[in-house]
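As a plain string of letters, each chain reads:
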Amino acid sequence: MRPVRVPAVASAVAALALLSGCGAAGGLESAGEAPSAVEPARLWPDLPPASAAPYDYGEGETAKIPGITVPGGDVHRLDPVAVAQAGLKAKTDRDSGLDELPDATVRQIRACRTAPDDCPVLAPYYFDLTGDGRDELVLGIRMPGRQLAVRAYRADEGGRGGLTRIMSTSDAVISVELAGRDLILRAPSAISGYEYRTAWSWDDRQQAMLATRDEILRAPERRKDTGRDRTPSPSAPTPESSGSAVPTPESSGAATDGR
């Protein structure tokens, strides 16, 4: 059926009738004038702006993982333990030193094949963090003091077959979560009832995951079990890859290492 055009006169009459009803019983009422936007006031305007960061927090650091080839650009086919072991020899593009692991953790990673029960490499997760339609590899590595290192790896573009670490951070985490394409790290605060929440997001210009939001928030109250588990399950490498020293849990596992 073709759409019927309503004459403009009829439309105008209907609009007037609608406006005349405003303010009547049950009708619309004005909420007053909208507040005007206020420009931020700059304090100490004569203070010269800093031109360099006083500390290097390692943000935006990346590292080529030596000796790792990604078959078909598919990180699912990689052995997570082999990636973690090769990453011990990786050199970052900027030497902040913040990607280094404790000596005890390094020894455990190197011994994952011979002492799998003590292997600190957790089951892998796979998410498209960059929005290019391909999954990235996300690894968690347990460290002393209930700390957790979280690292993300991306297959190099253009079929070059290499692997690049695009994120490396560590904290005493409550949980690690995925929100959209962001990785969210929740960490305890020294203030009772509060927690830190850091969102890591892909930055196309930097070609790395950056901590784009860092907040201190009220800790959420514990919710009763609703019977639905929204925690993504860790994934095992495909049969084409070599075996991992860390078996994938049969049940749905949480990407957490909380207190």
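Structure shown above.
Described in the following lines is the structure provided in the data block. Source: prediction; values computed, not measured. (Residues numbered from 1 in each chain as written. Predicted model: local features only at pLDDT ≥ 70, side-chain atom pairs only at ≥ 80, totals over all residues. Heavy atoms only, no water.)

Attention now moves to unusual backbone geometry. Phi is positive for Arg-146, close to 60 degrees, though the residue is something other than glycine. Tracing the chain through its elements places Arg-146 in the loop between strand S3 (136-143) and strand S4 (147-155). Of note in this structure, Gln-207 is not a glycine but carries a positive phi near 55 degrees. Relative to the helices and strands, Gln-207 is located in the loop between strand S8 (194-203) and strand S9 (208-218). Residue classification places Gln-207 among the partly exposed residues on the basis of a relative accessible area of 32%. (Helix = DSSP H or I, 4+ residues; strand = E, 2+ residues; numbered from the N terminus. Buried < 20%, exposed > 50% of the residue type's maximum accessible area, 1.4 Å probe, protein only.)

Turning to the environment of Ala-90, a few remarks are in order. Turning to its location among the elements, Ala-90 is positioned in the loop between helix H2 (80-87) and helix H3 (103-110). Sequence-wise, Ala-90 and Thr-164 are 74 residues apart; in three dimensions their C-alpha atoms are separated by 9.5 Å.

Under the definition given, this model contains one disulfide. Cys-112 shares a disulfide with Cys-119; S-S distance 2.0 Å. One quick way to see it: the torsion about the S-S bond of Cys-112 and Cys-119 is about 80 degrees, and its sign makes the bridge right-handed. Note on Cys-112: relative accessible area 0%, which makes it buried. (Disulfide = S-S within 2.5 Å.)

Pairing is antiparallel across the open sheet formed by four strands, whose spatial order is S6-S7-S8-S9. The sheet is open, and its two edges are formed by strand S6 (175-179) and S9, each paired on a single side. If you compare each strand with its neighbour and ignore which way they point, the axes differ by 25 degrees on average. (Pairing = 2+ DSSP bridges. Axes fitted to C-alpha atoms, helices over the stretch in contact; angles between N-to-C directions.)

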